[in-house]
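Spelled out from the first residue to the last, the chains are:
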Amino acid sequence: MGLPPGSPVYIGRRDPTQAVLSLLSFDEAEYGEVYPDTVEALLAAIKPGKRNWINVNGLSGGLVEALCAGLGVHSLVVEDILNVEHRPRVEAYDDYLFLITKMLSIHEDSSLEYEQVCFIVTDSLVVTFQETPGDCFGPIRQRLATGVGRIRRSGTDYLAYALLDVIVDNYFLVLEGQGDVLDHLEIRATNPNPAASGEFVAELQQAKAGLLRLRRVLWPVRDSVSALGRLDGRFLGPELQPFLRDLLENMVQAVEAVETFREHAASIHEVHLAYVSNRMNEVMKVLTIISTIFIPLTFLAGVYGMNFRHMPELEKPWAYPLVLGVMALGAGLMVVYFKRKKWF
Amino acid sequence: MGLPPGSPVYIGRRDPTQAVLSLLSFDEAEYGEVYPDTVEALLAAIKPGKRNWINVNGLSGGLVEALCAGLGVHSLVVEDILNVEHRPRVEAYDDYLFLITKMLSIHEDSSLEYEQVCFIVTDSLVVTFQETPGDCFGPIRQRLATGVGRIRRSGTDYLAYALLDVIVDNYFLVLEGQGDVLDHLEIRATNPNPAASGEFVAELQQAKAGLLRLRRVLWPVRDSVSALGRLDGRFLGPELQPFLRDLLENMVQAVEAVETFREHAASIHEVHLAYVSNRMNEVMKVLTIISTIFIPLTFLAGVYGMNFRHMPELEKPWAYPLVLGVMALGAGLMVVYFKRKKWF
Amino acid sequence: MGLPPGSPVYIGRRDPTQAVLSLLSFDEAEYGEVYPDTVEALLAAIKPGKRNWINVNGLSGGLVEALCAGLGVHSLVVEDILNVEHRPRVEAYDDYLFLITKMLSIHEDSSLEYEQVCFIVTDSLVVTFQETPGDCFGPIRQRLATGVGRIRRSGTDYLAYALLDVIVDNYFLVLEGQGDVLDHLEIRATNPNPAASGEFVAELQQAKAGLLRLRRVLWPVRDSVSALGRLDGRFLGPELQPFLRDLLENMVQAVEAVETFREHAASIHEVHLAYVSNRMNEVMKVLTIISTIFIPLTFLAGVYGMNFRHMPELEKPWAYPLVLGVMALGAGLMVVYFKRKKWF
Amino acid sequence: MGLPPGSPVYIGRRDPTQAVLSLLSFDEAEYGEVYPDTVEALLAAIKPGKRNWINVNGLSGGLVEALCAGLGVHSLVVEDILNVEHRPRVEAYDDYLFLITKMLSIHEDSSLEYEQVCFIVTDSLVVTFQETPGDCFGPIRQRLATGVGRIRRSGTDYLAYALLDVIVDNYFLVLEGQGDVLDHLEIRATNPNPAASGEFVAELQQAKAGLLRLRRVLWPVRDSVSALGRLDGRFLGPELQPFLRDLLENMVQAVEAVETFREHAASIHEVHLAYVSNRMNEVMKVLTIISTIFIPLTFLAGVYGMNFRHMPELEKPWAYPLVLGVMALGAGLMVVYFKRKKWF
Amino acid sequence: MGLPPGSPVYIGRRDPTQAVLSLLSFDEAEYGEVYPDTVEALLAAIKPGKRNWINVNGLSGGLVEALCAGLGVHSLVVEDILNVEHRPRVEAYDDYLFLITKMLSIHEDSSLEYEQVCFIVTDSLVVTFQETPGDCFGPIRQRLATGVGRIRRSGTDYLAYALLDVIVDNYFLVLEGQGDVLDHLEIRATNPNPAASGEFVAELQQAKAGLLRLRRVLWPVRDSVSALGRLDGRFLGPELQPFLRDLLENMVQAVEAVETFREHAASIHEVHLAYVSNRMNEVMKVLTIISTIFIPLTFLAGVYGMNFRHMPELEKPWAYPLVLGVMALGAGLMVVYFKRKKWF
């Protein structure tokens with residue numbers, strides 16, 4: 001609040017983790033890993049003729065500011081890296097490409113965790129900034145180490161694309177999890193236990209809120225990927241175009257899956273409401289029918305319980321069985337009538 | 001997950017079927033069919049001066065990869081052919097046009113089946129990839145064999161269009177089936193049997209989900225057809241333009257039909273809800289009216305069933321018939337009052 | 001299904017009517033009508049120096065195909081003329097303009113009938129194809145015969161415009177009818193007769209479905225008229241522009257009227273639901289209040305109907321009137337309390 | 001229906017008023033008013049070197065047609081002036097600008113009245129056509145007469161703008177009235193009198209319908225003002241641009257106010273429904289609780305009202321008070337239980 | 001109403017405050033504050049070679065008009081400054097940039113207050129007009145006084161941006177407050193106390209209305225910021241572009257937060273409705289079950305309370321305990337049956 005724009009202050013819900021640096025340098029022939037402690041050591045370890053991937057795990061401790069200063073990055077970009085509440089977007093500066101995206105992971109209780117990942121891409125360098133340790137870049141590290149595929153042969157643009165691709169692949173894992181949650185909720189939507197309804201609605205609303213948040217993240221990621229494809233070729237070479245189109249197609253599919261899940265959730269809610277209301281109505285109807293049958297009979301019993309002296313039928317020996325018979329007949333007729341009218 | 005982009009891996013819900021190859025070669029004068037076992041035999045059998053249609057039934061067994069490699073197709077395209085969860089789209093590469101679309105078929109229980117069909121179109125070749133055996137291309141094969149219409153006279157672009165046209169024609173068959181399902185549901189929307197309501201709502205939701213899925217497939221197919229019409233003339237000649245416009249018009253109509261069905265389904269739901277709620281209300285009202293008439297009469301009977309010693313009217317001989325008369329009159333007045341007020 | 005594109009097959013819900021031909025030739029000085037039996041006779045009767053209007057009533061019997069062949073019309077256009085389920089649209093070919101539109105008429109039971117009308121417009125010729133005999137072109141024929149207005153002085157483009165204008169004018173007649181239906185439904189929305197509700201909702205849904213269909217027809221007609229205005233001047237002269245703008249303005253108004261009717265129908269539904277639910281609630285409340293007043297009194301009567309030997313108050317001569325008084329007082333107090341709380 | 005386009009026929013819901021003519025001529029130095037009876041006298045009275053404002057009050061009697069003929073206006077424009085059901089729009093002809101707009105006034109019962117006002121603007125002339133006498137142009141006449149502001153110094157474009165500006169200013173008066181209606185309805189939304197609910201819903205629907213109509217009028221007026229700003233400078237000078245931008249800003253605000261009112265009306269409806277349903281539920285619950293307490297007690301009384309010979313407890317002197325005590329205790333326990341569970 | 005456009009009249013809901021003037025002049029070296037009483041003194045105190053910030057607190061007393069006249073500002077701009085109901089927007093005049101925006105503050109009862117702030121920006125001058133004393137510009141004044149950051153080194157464009165940035169930063173404070181309100185409402189959505197429901201719904205609607213108003217303010221502010229970024233460089237230098245992009249990104253996030261809050265509010269409403277309806281249903285069901293169990297038992301008691309002479313079972317000593325047993329058994333069976341069917 002009121003700080004000059006570009007002030008390097010961490011903004012986020014988590015406590016920031018102490019930054020840890022790593023540097024992977026490679027070309028088609030060689031591959032090396034370094035884990036320097038200071039920014040100076042890191043900058044010194046960058047190999048100019050090769051492609052270099054600097055990964056920063058954690059945003060605390062002044063290393064982000066120092067690294068960005070060493071790389072000549074604009075102070076507003078530093079502010080954006082440190083504010084992990086930012087929307088995904090892509091921005092082309094004169095010397096580098098800046099990209100904010102979100103990495104998703106799913107907890108065991110099927111809640112989602114969002115981690116902001118920022119990319120700085122130059123001709124010889126990819127820098128990634130993560131909030132916390134732990135990421136989904138394992139397969140990329142392996143492909144770099146073993147030299148499988150074209151990753152060691154291609155430039156930093158392909159490396160950045162490959163990292164993004166893994167993040168987007170991960171979205172589908174998360175989406176699958178959300179689909180399972182909805183499938184489980186769908187089964188429970190017609191649970192006859194009345195006590196479960198409140199809890200069910202609360203869980204469904206939670207799932208809806210989760211999908212809403214997911215949508216708010218995936219839409220701008222899709223826009224960023226689409227913007228990447230429309231950038232002029234300064235940072236991303238023409239041979240990357242089919243890969244970016246493929247990535248965009250995946251993001252479109254992910255966004256569409258979220259929309260489908262949202263409609264599914266709405267449909268589950270409707271089914272549940274119809275089920276609960278239907279069941280409640282049936283119960284109330286049966287209860288009311290029982291009362292309706294017995295109330296007139298009780299009235300008849302009440303009549304012959306009156307204490308008038310002159311009630312001649314009370315003296316007749318056939319009167320009592322007759323009244324009982326009339327009662328049975330009345331009840332029977334009512335039941336038949338209600339059945340006929342399909343009231344129960 | 002984490003594989004290098006362009007890895008040829010089958011992704012889908014079905015078990016992949018072993019691929020079967022066929023090759024139809026034709027020009028205006030000649031027509032021939034070959035069923036080679038291997039990709040090499042197939043590639044050798046392609047007749048350069050003629051138009052050739054290669055059909056691949058089934059995606060398993062490495063034949064897709066081998067064929068695409070033989071034809072010089074990009075590895076990302078191979079990945080797209082093998083991932084049958086893809087959205088329909090069209091993509092122009094330097095040497096060929098790549099098109100993903102979906103073939104629909106309707107089961108006897110009115111559920112839908114989706115099969116991905118991919119096209120690769122060059123100047124002398126159309127390659128189609130299907131997930132499973134069985135398709136709707138019979139009429140095309142017959143027209144090719146008998147030489148009816150312009151299909152033998154025209155280029156590969158017309159063949160590709162004719163195949164697409166048959167797929168789109170098939171959509172209308174499927175849409176007709178969905179229309180029948182809705183018409184049947186509409187009749188059942190006012191079924192007085194209360195037990196049927198839950199099942200009805202579930203079936204309606206199923207029909208809605210089916211329409212939603214149909215919509216998600218038909219929209220991108222429409223976009224693809226529209227994109228085909230806007231491609232420059234490298235793959236599709238100018239004499240194809242009126243046919244593509246016609247095809248687009250058909251897709252617009254199909255998409256519109258889905259939207260109409262969706263509104264119809266929503267309207268059926270509303271009618272059903274109004275019917276159920278109305279009927280329930282009427283039943284409850286009648287039951288409540290019966291109780292309301294008898295409860296005051298029972299009170300009156302209760303009064304004369306009290307055991308006070310000094311209740312002079314109990315001794316009168318006219319008291320009992322009078323009370324009975326009062327009861328009948330009260331009941332009658334209540335019935336008349338409720339009728340007057342149109343309460344039942 | 002599976003026929004080659006451009007096959008001349010009638011598609012529609014009605015049985016096709018045998019085609020009847022008529023030819024009106026006119027210029028500023030002369031006017032003549034011919035009713036030839038065959039296409040050859042018709043083509044021979046066309047007067048080259050004049051403007052000619054050929055009207056084809058009915059689509060059966062091969063005359064449409066023969067006439068189109070004689071005029072050199074594309075086979076896809078013939079297919080479109082014979083398929084009466086097509087969406088309104090406009091298409092400019094090299095030698096002629098092709099236009100699909102819908103003529104509406106309203107039945108006495110306020111249901112709508114749609115008839116497809118196709119136009120082919122060249123420099124010297126307007127051809128109209130109608131599904132069935134009977135149309136709204138009477139005023140045009142009269143103006144042509146009597147020479148009122150500019151119709152005999154202007155070209156075929158003005159004739160085509162005048163025919164379209166009459167069709168669009170007719171829409172407003174139909175819209176007025178729909179407005180009357182809604183006004184009638186609005187009055188019935190607060191009908192106290194409970195039995196009428198189901199029927200009312202069904203009729204309202206029918207009206208909504210009718211408006212939906214109307215909308216689906218009028219939107220593309222509006223788009224066609226808008227497209228006509230944007231065509232380059234090959235078929236439609238510059239002096240027609242103000243008339244086309246006027247026509248478009250009318251179509252915009254017609255489409256807007258449909259939207260207003262749709263919102264009106266939705267509002268009628270809401271009013272009805274609120275009315276029914278309100279009324280039902282009031283009835284149930286009154287009935288429940290009656291029961292609530294008598295049930296405690298019945299309990300009191302029941303207490304003094306118990307057969308305990310030692311119930312001293314039963315012996316007192318003032319007990320019976322006292323209990324009756326207490327009962328009356330209790331009932332009165334409850335009524336006053338409920339009234340105070342505005343419960344009825 | 002079926003008349004040639006451009007026929008001068010009055011179309012509208014009101015009976016047309018006999019037209020009355022007035023002419024105001026002015027320049028920076030002079031100002032004069034004339035009220036001629038005939039179009040010829042009017043046309044003769046126009047002063048060429050000055051700016052002239054012709055106002056036509058009422059559309060009947062052939063004066064509109066004669067005046068338009070005298071000014072060389074297109075017959076379609078005349079038809080548009082006489083059809084008062086037209087949508088607001090702006091159209092630039094070669095010699096004049098034609099503008100349709102709507103003047104609003106609010107009745108004492110807060111219903112709205114719409115009057116169509118058409119403008120024809122040339123370099124030396126503004127003609128306004130109104131349906132009925134009575135308008136909101138008084139301040140303009142006064143400014144013209146007294147020479148306040150720039151109106152006498154500026155051209156006819158500024159006069160036309162000033163007239164439009166007064167009409168738009170008037171919209172805000174009307175909008176304020178609608179806001180008052182909604183505020184009044186909001187207070188009544190939680191009126192406990194059940195009889196008032198039906199009437200309330202009807203009034204709310206009426207207010208909603210009024211807002212819908214208002215919206216349908218204001219949107220095209222806004223579009224017209226926006227179109228005015230985008231016209232090339234033939235009729236509207238560059239020094240008018242800031243004024244037109246200001247006018248557009250006002251129209252945007254008016255349209256936004258209508259949207260806000262519509263959302264407010266929807267929110268009032270929701271509050272009302274929640275209130276009514278809540279209240280109804282509370283009443284039914286209390287009534288049901290009363291019944292539920294007394295029905296078991298009545299059963300107990302019924303047990304001791306049975307006439308079995310061998311009911312030993314009937315003989316005990318302490319039995320009657322004991323039963324009464326049990327009854328009181330049971331009732332008390334039920335009340336406490338229901339209170340504990342917050343059932344009332 | 002009816003005033004000439006550009007009349008300087010205060011329009012707003014508050015009583016206008018007497019204007020108070022202040023002037024801050026600075027360059028990289030010097031900084032000075034002046035508080036002149038009159039516009040003449042102020043204009044005389046402006047230092048031409050430096051950057052000057054004039055702040056006007058309060059709109060009453062003719063100072064705004066005098067100042068604008070002294071600075072050569074268009075009369076329509078003066079009218080806009082004095083009408084505090086205007087929508088945020090940006091407008092480029094020949095000599096200055098004019099910007100309307102809104103400053104938000106949150107009261108202790110979590111209601112919002114809106115204050116209009118207008119900017120006039122020239123090469124050497126920023127003028128800000130506020131409705132009332134009290135603003136959020138404190139940090140800017142401090143940065144100007146202490147020379148922290150680039151604010152003293154940069155031009156008036158950066159000063160204007162910094163002021164806007166502080167206003168936008170303040171929006172997030174307000175949004176956080178709204179989020180707290182919603183979180184608090186979410187907890188209360190499942191409050192079992194029935195009396196609280198009406199109040200809850202009213203508060204929720206109030207929160208919704210507040211969010212709607214917030215949205216109507218933030219959308220045009222976002223559009224203004226976006227328009228600022230698209231202005232040619234006359235007033236805003238190229239080195240300001242990254243800052244404006246950052247500001248726009250913040251506004252996009254603020255607008256998105258409002259949309260998320262709106263969906264959250266809707267979800268809270270749904271949860272509340274489901275909770276209330278569920279609870280009500282459960283209560284009614286339990287009450288009805290109690291009645292349903294006792295009504296048949298009461299009937300049985302009524303039968304044996306009849307006074308027929310010939311009721312042989314009344315004489316049997318085992319009859320009374322048998323009937324009591326039957327009653328207990330019947331009640332027990334009903335309870336078991338209802339439990340089995342999960343009716344409670």
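A.B. asks: What am I meant to see in the overall build of chain A here?
C.D. replies: Along the backbone of chain A there are eight helices and seven strands. The C-alpha atoms of chain A give 35 Å as radius of gyration, which overshoots the globular expectation for 344 residues (20 Å, by more than 25%). A principal-axis box enclosing the C-alpha atoms of chain A has dimensions of 120 × 45 × 30 Å. A total of 344 residues make up chain A; the buried ones form 40% of that total.

A.B. asks: Is there a simple way to explain the relation of the copies chain A and chain E in this structure?
C.D. replies: Two copies of one chain are present, and they are related through a rotation about an axis combined with an axial shift. Superposing chain A onto chain E requires a rotation of 72° together with a translation of 0.1 Å along the rotation axis, leaving an RMSD of 0.1 Å. One copy is carried onto the other by what is essentially a five-fold rotation axis. Considering only C-alpha atoms, the residue of chain A closest to the rotation axis is Gly-305 of chain A, which sits at 4.7 Å. Interface overlap between copies is the fraction of interface residues in one copy that are interface residues in the other; for chain A against chain E it is only 15%, indicating separate surfaces.

A.B. asks: Explain the sheet that holds strand 6 (residues 112-121) of chain E to me, please; I cannot follow it from the model alone.
C.D. replies: Across a sheet, paired strands are connected by hydrogen bonds in the backbone, their directions being either parallel or antiparallel. Residue and element names in this part refer to chain E. On the basis of which strands lie adjacent, the open sheet formed by seven strands has the order 2-1-3-7-6-5-4 and mixed pairing. Whereas interior strands pair on both sides, the edge strands pair on one side only; in this sheet they are strand 2 (31-34) and strand 4 (89-92). Strand after strand, the sheet turns through a mean of 20° between neighbouring axes, direction not considered. In this structure, strand 1 (residues 20-26) lies alongside strand 2, joined through four bridges in antiparallel fashion. Its bridge partner being in strand 2, Leu-23 is matched across the sheet by Val-34.

A.B. asks: Help me understand the sheet that holds strand 7 (residues 125-130) of chain B in this model?
C.D. replies: Residues and elements named next belong to chain B. In space, the seven strands of this open sheet follow the order 2-1-3-7-6-5-4, with mixed pairing throughout. Both edges of this open sheet fall to strand 2 (31-34) and strand 4 (89-92), since each of them pairs with a single strand only. Along the sheet, successive strands turn relative to each other by an average axial angle of 20°, direction set aside. Of the pairings in the sheet, the one linking strand 4 to strand 5 (residues 97-106) comprises four bridges and is antiparallel in character. Along strand 5, the bridge assignment pairs Val-90 with Leu-99.

A.B. asks: Which parts of the structure should I look at to understand the environment of His-264 of chain D?
C.D. replies: Counting through the fold element by element, His-264 of chain D comes out in helix 7 (residues 241-303). On the basis of neighbour counts, which here come to 21 C-beta atoms within 10 Å, the residue His-264 of chain D falls in the buried class.

A.B. asks: Please clarify how helix 4 (residues 138-146) of chain A should be interpreted in this entry.
C.D. replies: Helical geometry: 3.6 residues make up each α-helical turn, so side chains three or four residues apart lie on a common side. All names here are of chain A. For helix 4, every residue scored as buried is listed here: Ile-140, Arg-143 and Leu-144. The buried residues of helix 4 occupy an angular sector of 100° when projected down its axis, which confines them to one face. Turned more than 90 degrees away from the buried face of helix 4 sit Gly-138, Gln-142 and Thr-146, all of them exposed. Buried residues in helix 4 make contact with strand 1 (20-26), strand 2 (31-34) and helix 5 (156-188). Gly-147 occupies a position one or two residues after helix 4 and carries a positive phi of about 75°.

A.B. asks: Please explain the interface of chain A and chain E as it appears in this structure.
C.D. replies: Many analyses report the size of an interface as the accessible area lost when the parts associate. Contacts between chain A and chain E engage 40 residues on the former and 45 residues on the latter. Those elements giving two or more residues to the side of chain A that touches chain E turn out to be helix 6 (196-230), helix 7 (241-304) and helix 8 (319-340) of chain A. With 13 residues, helix 7 of chain A is the largest single contributor of residues to the side of chain A that touches chain E. Here the side of chain A that touches chain E is built from residues that sort into 24 nonpolar, 11 polar and five charged.

A.B. asks: Can you walk me through the packing of helix 7 of chain D against helix 7 (residues 241-303) of chain E in this structure?
C.D. replies: Any two packed helices are characterised by the angle at which their axes cross and by the distance between the axes. Contact geometry of helix 7 of chain D with helix 7 of chain E gives a least axis separation of 9 Å together with a crossing angle of 25°. Here helix 7 of chain D is positioned roughly parallel relative to helix 7 of chain E, judged by the angle of their axes. Handedness of the helix 7 of chain D/helix 7 of chain E crossing: left-handed. Taking contact as the criterion, the partners of Asn-281, Lys-285, Thr-288, Ile-289, Ser-291, Thr-292, Ile-295, Pro-296, Thr-298, Phe-299, Gly-302 and Val-303 of chain D in helix 7 of chain D are, on helix 7 of chain E, Met-280, Val-283, Met-284, Leu-287, Ile-290, Ser-291, Phe-294, Ile-295, Leu-297, Thr-298, Ala-301 and Gly-302 of chain E. Class assignment for the residues of the contact of helix 7 of chain D with helix 7 of chain E results in 14 nonpolar, nine polar and one charged.

A.B. asks: Would you mind going over unusual backbone geometry with me for this structure?
C.D. replies: Glycine aside, negative phi is the norm for most residues, and most peptide bonds take the trans geometry. Residue and element names in this part refer to chain D. A positive phi angle, near 55°, is found at Lys-342, a position not held by glycine. By the element assignment, Lys-342 lies in the segment after helix 8 (319-340). A tally of 13 C-beta atoms within 10 Å means that Lys-342 is categorised as partly exposed.

A.B. asks: Looking at this structure, how should I read the packing of helix 5 of chain A against helix 6 of chain A?
C.D. replies: Residue and element names in this part refer to chain A. Direction vectors running N to C along helix 5 and helix 6 enclose 155°, while the axes themselves pass 11 Å from each other. Taken together, the axes of helix 5 and helix 6 are roughly antiparallel relative to one another. Crossing handedness for the pair helix 5 and helix 6: left-handed. Contacts from Tyr-171, Gln-178, Val-181, Leu-182, Leu-185 and Arg-188 of helix 5 reach helix 6 at Phe-200, Glu-203, Leu-204, Ala-207, Gly-210, Leu-211 and Leu-218. Here the contact of helix 5 with helix 6 is built from residues that sort into nine nonpolar, two polar and two charged.

What counts and what doesn't
Residues numbered from 1 in each chain as written. Chains lettered and ligands numbered in written order. Predicted model: local features only at pLDDT ≥ 70, side-chain atom pairs only at ≥ 80, totals over all residues. Helix = DSSP H or I, 4+ residues; strand = E, 2+ residues; numbered from the N terminus. Rg over C-alpha atoms; globule rule 2.2 N^0.38 Å. Buried ≥ 20, exposed ≤ 12 C-beta atoms within 10 Å, placed from the backbone. Least-squares fit on C-alpha atoms with pLDDT ≥ 70 in both. Contact = placed C-beta atoms within 7 Å. Pairing = 2+ DSSP bridges. Axes fitted to C-alpha atoms, helices over the stretch in contact; angles between N-to-C directions. Arc of directions from axis to C-beta. Nonpolar A, V, L, I, M, F, W, Y, C, P; charged D, E, K, R; others polar. Parallel < 35°, antiparallel > 145°, perpendicular 65-115°, else oblique. Left-handed = near helix turned anticlockwise from the far one by under 90°.

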